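So you can see what is in the structure, the chains are spelled out below.
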Amino acid sequence: MSGCVRRYFCPNKSVSSSGCRSAFHYPNGGSYSGYWLNNKNHGFGQKVSQKRQPSDFAGKKQPEGQLVYTGVWKGGKRDGAGTMLRKRGTDLQTIYSGGWFDDMKFGKGKQFYPDGSVYFGEWAKNRRDGVGIQWYANGDIYLGDWQSGYRHGMGVLFYANGNRYEGCFARGYKNGEGTFYHVHTGQVQKGVWENDNARVSLMLDDPKLRCGDAATPYPIPRSELSYPNEIVRDLFQQFMKNSEKPYRHFLDLVNLEFVHRQRHFASFEERLATASGLVIHPKSTEKLF
């Protein structure tokens, strides 16, 4: 080991080192180069993990190579701006670059996934959380709200074939009100979605989606009445007799209903007596003795 290291020796106390070390090798493999404070990584430094062999853990394949973190440390944990890379021989591949807190991804950062997709946006506790954009390997692009690693909130999903969806997401699926633009057919679908399926929707033709005035390949037939005048005339004849009745205000109808109800209750004669022996009928004042 070399570099500037300060060691403090006190009776009945463990040895504490602070300062900068050019290289510190861990017993199980890996190394650290950078600043220390009380035997913990603190400040700017670089840590290289031990070399990993290809394995399958918890159903996920762990690629071979070494993980290299270069950035800010605090109390032995990644805290601040830093970059995580994977090293395979002389090849370095960026995994994540951005903010860290309590040894987890936090704040704004960019993640590069093994399948080729890329995410840039806000993080919280190692998960996509906040506003962010993700480029998927199949060509799709999502821009909007995230929560606990899933598309959750308002967002726009651009499909590789040119279609797009604008609206609400929940748990990674289209959920709630939204609009789907079918660019290849020149139609717009507005409605309510549930787990990526349209529950209730309205389809409209929009030739502007097909590069100008090009015809829609699947036109929606117009809904119209064959004989609208005759149908309207028959309806008016059925309800014409109601139109001749005198008009009554809504409050008047409510008051009339209240009066009729009170008359109905008043028709009952109460001939019951209380515990004191008094007649409760309003027309009699005699005692029941």
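- Looking at an unreviewed UniProt entry, one finds the protein named MORN repeat-containing protein 3 and attributed to Drosophila rubida.
- Regarding the protein, the relevant UniProt record gives this comment under Subcellular location (unreviewed entry): "Cytoplasmic vesicle, Secretory vesicle, Acrosome".

### Regarding the overall build of the protein
Next, step 1: Each helix and strand counted, the protein has three helices and 18 strands in total.
Next, step 2: Within the protein, the proportion of its 289 residues that are buried is 26%.
Next, step 3: Summing over all exposed atoms, the protein offers an accessible surface of approximately 20,800 Å²; the carbon and sulfur share of this is 56%.

### Here we look at the pairing of strand β15 (residues 164-170)
Two faces, one strand: in a regular strand the side chains alternate between the faces of the sheet.
Next, step 1: As paired elements, strand β14 (residues 150-158) and β15 share six bridges and run antiparallel to each other. Its bridge partner lying in β15, Gly155 is registered against Gly167.
Next, step 2: Hairpin connection between β14 and β15: a loop of five residues separates the two successive antiparallel strands, and Gly162 in this loop has a positive phi of roughly 105 degrees.
Next, step 3: Looking at chain direction, β15 and strand β16 (residues 173-182) are connected through six bridges and run antiparallel. The partner of Gly167 across the bridge, within β16, is Gly178.

### Notes on the environment of Tyr113
Next, step 1: Note that Tyr113 resides in the loop between β10 (104-112) and β11 (118-124).
Next, step 2: According to the relative accessible area criterion, Tyr113 is partly exposed, its value standing at 21%.
Next, step 3: If we ignore the near neighbours within four places in the chain, the residues touching Tyr113 are Val118, Tyr119, Trp123, Arg128 and Gln134.

### Focus: the pairing of β11
Next, step 1: Pairing between β10 and β11: six bridges, direction antiparallel. Following the sheet pairing, Lys110 is matched in β11 by Phe120.
Next, step 2: Hairpin connection from β10 to β11: five residues lie between these consecutive antiparallel strands, with Gly116 at a positive phi of about 105 degrees.
Next, step 3: By the bridge criterion, six bridges tie β11 to strand β12 (residues 127-135) in an arrangement that is antiparallel. Bridge pairing in β12 places Tyr119 opposite Gln134.
Next, step 4: Between the antiparallel neighbours β11 and β12 lie two residues, among them Lys125 with a positive phi of about 55 degrees.

### Some remarks on the side chain of Arg128
Next, step 1: Checked against the element boundaries, Arg128 lands in strand β12.
Next, step 2: Buried Arg128, no salt bridge; nearest opposite-charge side chain is Asp115, N-O distance 8.8 Å.
Next, step 3: Reaching out from Arg128, the side chain makes a polar contact with the side chain of Gln134 at a distance of 2.5 Å.
Next, step 4: In contact with Arg128, not counting residues within four places along its chain, are Tyr113, Tyr119, Glu122, Trp123, Gln134, Trp146, Gln147, Ser148, Gly149 and Tyr150.

Reading the values: rules and limits
- Residue indices follow the written sequence of each chain, beginning from 1 at its first position.
- The model is predicted, so local features are restricted to residues of pLDDT at least 70 and side-chain atom pairs to those at 80 or more, both for listing and for counting; the totals for chains, interfaces and linings are taken over all residues.
- Working from all heavy atoms in the structure, the side-chain values ignore hydrogens and water.
- UniProt positions are given in the numbering used here, feature names are shortened, and annotations may be inferred rather than shown by experiment.
- Under the scheme used here, helices are H or I runs from DSSP no shorter than 4 residues and strands are E runs no shorter than 2 residues, and both carry numbers assigned from the N terminus.
- Each residue is assigned to one of three classes by its accessible area relative to the maximum for its type, calculated with a 1.4 Å probe on protein chains only: buried under 20%, partly exposed between the two thresholds, exposed over 50%.
- Note on areas: Shrake-Rupley with a 1.4 Å probe; residue coverage comes only from the protein chains shown.
- Two strands form a pair only when DSSP identifies at least two bridges running between them.
- Here, residues are in contact when the closest pair of their heavy atoms is within 4.5 Å.
- In summary, the charge assignment counts Lys and Arg as positive and Asp and Glu as negative, without counting His or the chain termini.
- Here a salt bridge means any side-chain nitrogen of Lys or Arg lying within 4 Å of a carboxyl oxygen belonging to Asp or Glu.
- In protein, a polar contact requires one atom able to donate a hydrogen and another able to accept it; more generally it is a pair of N or O atoms within 3.5 Å, and residues adjacent in sequence count only if both atoms are side-chain atoms.

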